[in-house]
Amino acid sequence: MTFENLLLERDGAVAVLTVNRPKVLNALNAQTLDELRRAILDLKHDASVRAVIVTGAGDKSFIAGADINELAVQSPIDGREHAIRGQHVLDLIEHLGKPVIAAINGYALGGGCELAMACTIRIAADTAKLGQPEINLGIVPGYAGTQRLARIVGRGRALELLLTGDQITAQEAHRLGLVNRVVPAADLLNEARTLASTLAAKAPVAVRYILEAVNKGLEMPFPQAQIFEATLFGLVAATDDMREGTRAFLEKRKADFKGR
Ligand code: COA
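Source: prediction; values computed, not measured.

## Digging into the pairing of strand β3 (residues 51–56)
Note on strand geometry: in a regular strand, side chains alternate between the two faces of the sheet.
Turning to step 1, where the next piece is worked out: For β3, a buried count of six out of six residues is recorded, marking the element as mostly surrounded by other parts of the structure.
Turning to step 2, where the next piece is worked out: Every second residue of β3 is oriented toward a common face, with A51, I53 and T55 on one face and V52, V54 and G56 on the other, all of them buried.
Turning to step 3, where the next piece is worked out: Sheet analysis places strand β2 (residues 14–19) next to β3, joined by six bridges and oriented parallel. Bridging from a neighbouring strand, L17 pairs with V54 of β3.
Turning to step 4, where the next piece is worked out: For the crossover that starts at β2, traverses helix α1 (residues 30–45) and ends in the parallel β3, the hand is right-handed.

Right under this line is the structure:
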């Protein structure tokens, strides 16, 4: 698979997807969004990939949002279609069935912050800046930023960020719970790779079901979410990995999970 605006490398079970338009701070134009859609579907269906890292090219920006050159000329119909396409791509990330780590190496603004929020875990460089500056362009977020931000940091904090459009530091984002960790910029990719390798060694079916239990369960009434969890708990009992995991514990050795 070839891409003009993405780099995709493999390191064992970990795939690293880099948005590669550094001249425009990795802004997402329509082509890049479509390349992301194709890359993510490919990673979803490749059973040898067990964790994914998403980052931005260069040392200045993760993703500085949707490409404002395209936004500036869109019609109402284009705008609606654009938002639906962006939301779809981010949904694919959230529902990949494998952990996706956002390695936020600089500006994560607008669509960049929204993409990071669709990831499973966010690690930020201490130099990163995050925010939803759409209000300053006279628009609203269109890749579900109003929804994911409120769910991650709470309604009041989300409304403040969305209405001021302010950029916040990585440390402030950590204080709000918007990022999981802040690390020195020079260590960012190593930290992300180490975490990705740790997660890639876990039992893949259990990983997938935990992701589903949290992501789908949060959208359900609590009693239904509990039944959903109980069903997944029952289903993993059918896996070789459950037998391997429990046996390895009893035999005092490290489990070797196969994804079956
Ligand atoms: N869409 C298109 N181009 C963008 C872009 C975006 N979202 N973000 C940055 N760029 C381009 C700039 O136009 C500039 O291009 P040029 O070199 O041809 O002039 C280049 O990337 C570098 O950006 P610049 O603004 O010169 O860098 P800076 O360090 O002064 O500022 C930012 C960095 C991120 C604060 C600033 O670029 C910015 O505010 N970008 C827009 C963020 C935004 O509103 N995103 C939400 C979009 S919905």
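## A look at α1
Turning to step 1, where the next piece is worked out: Taking 1.5 Å per residue as the helical rise, α1 with its 16 residues ought to reach 22 Å, and the 23 Å between its terminal C-alpha atoms agrees with that figure.
Turning to step 2, where the next piece is worked out: For α1, the set of buried residues is T32, L33, E35, L36, A39, I40 and L43. With its buried residues spanning 160° around the axis, α1 presents them on a single face.
Turning to step 3, where the next piece is worked out: In this structure, the buried residues of α1 make contact with β1 (6–11), β2, β3, α3 (76–94) and α4 (111–118).

## Side note on the site of the ligand
Turning to step 1, where the next piece is worked out: As a structural note, the neighbourhood of the ligand is formed by 18 residues, with V24, K60, A64, A66 and I68 the closest of them.
Turning to step 2, where the next piece is worked out: I68 has a polar backbone atom sitting 2.9 Å from a nitrogen atom of the ligand.
Turning to step 3, where the next piece is worked out: Considered on its own, the ligand offers 860 Å² of accessible surface; in the complex 59% of this is hidden by protein.
Turning to step 4, where the next piece is worked out: Of all the secondary-structure elements, those providing two or more residues to the shell around the ligand are α2 (68–71) and β6 (107–109).
Turning to step 5, where the next piece is worked out: If one sorts the elements of the shell around the ligand by residue count, α2 sits on top with three residues.
Turning to step 6, where the next piece is worked out: Across the shell around the ligand, the residue classes break down as 11 nonpolar, three polar and four charged.

## A look at the pattern of salt bridges
Turning to step 1, where the next piece is worked out: Applying the stated criterion to the full structure yields 16 salt bridges.
Turning to step 2, where the next piece is worked out: Here E251 and R253 are joined by a salt bridge, their closest N and O atoms 2.8 Å apart.

## Focus: the layout of surface pockets
Turning to step 1, where the next piece is worked out: If you add up the space inside the largest pocket, you get close to 590 Å³.
Turning to step 2, where the next piece is worked out: Lining the largest pocket are 23 residues; nearest its centre among them are E94, M117, I152, N215 and L218.
Turning to step 3, where the next piece is worked out: Every element with two or more residues in the lining of the largest pocket is listed here: α3, α4, α5 (145–153) and α9 (204–217).
Turning to step 4, where the next piece is worked out: Counting residues per element, the lining of the largest pocket draws most heavily on α9, at five residues.
Turning to step 5, where the next piece is worked out: When grouped by side-chain class, the residues that make up the lining of the largest pocket number 11 nonpolar, six polar and six charged.
Turning to step 6, where the next piece is worked out: Taken as a whole, the second largest pocket holds about 380 Å³ of empty space.
Turning to step 7, where the next piece is worked out: Around the second largest pocket, the lining comprises 22 residues; the ones closest to its centre are A66, L71, E134, I139 and V140.
Turning to step 8, where the next piece is worked out: Sorting the residues of the lining of the second largest pocket by element identifies α2, α3 and α4 as the ones contributing at least two each.
Turning to step 9, where the next piece is worked out: For the lining of the second largest pocket, the element with the most residues is α3, which contributes three residues.
Turning to step 10, where the next piece is worked out: Class assignment for the residues of the lining of the second largest pocket results in 12 nonpolar, eight polar and two charged.

The rules behind these values
All residue numbers refer to position in the chain's written sequence, counted from 1. Where local features are concerned, this predicted model is filtered to residues with pLDDT of at least 70; where side-chain atom pairs are given and counted, the filter is 80 or more; whole-chain, interface and lining totals use all residues. Note: side-chain values were computed over all heavy atoms of the structure, leaving out hydrogens and water. To sort residues, take the accessible area from a 1.4 Å probe on protein chains only and compare it with the maximum for the residue type: under 20% means buried, over 50% means exposed, and anything in between is partly exposed. Note on conventions: DSSP H or I runs of at least 4 residues are helices, E runs of at least 2 residues are strands, and numbering of each starts at the N terminus. At least two DSSP bridges between two strands are required for those strands to pair. For the handedness criterion, the strands are oriented away from the viewer, and a crossover whose path from the first strand over the helix to the second runs clockwise is classed as right-handed. Here the expected length of a helix is defined as 1.5 Å per residue gap, with one fewer gap than residues. Each C-beta atom gives one direction from the helix axis, and the arc is the one those directions make. Any two residues whose heavy atoms approach within 4.5 Å are treated as being in contact. Residue proximity to a molecule or strand is established when one non-hydrogen atom of the residue lies within 4 Å of it. N or O atoms closer than or at 3.5 Å make up a polar contact, with two conditions inside protein: a donor-capable atom paired with an acceptor-capable one, and, for residues adjacent in sequence, both atoms drawn from side chains. Under the convention used here, a 1.4 Å probe and the Shrake-Rupley method define accessible areas, while residue burial counts only the protein chains that appear. Note that Gly is not counted as nonpolar here; it falls among the polar residues with everything else outside the nonpolar set of Ala, Val, Leu, Ile, Met, Phe, Trp, Tyr, Cys and Pro and the charged set of Asp, Glu, Lys and Arg. Between Lys or Arg on one side and Asp or Glu on the other, a salt bridge is scored when a side-chain nitrogen of the former is within 4 Å of a carboxyl oxygen of the latter. Cavity means a closed set of points on a 1 Å grid over the protein atoms alone, one where a 1.4 Å probe fits but cannot get out, pocket means an open set with protein on both sides within 12 Å along at least 5 of 7 lines, and lining means a residue has an atom within 4 Å of a point. Grid points are joined across faces, edges and corners, and a volume is the space filled by probe spheres set on the points.

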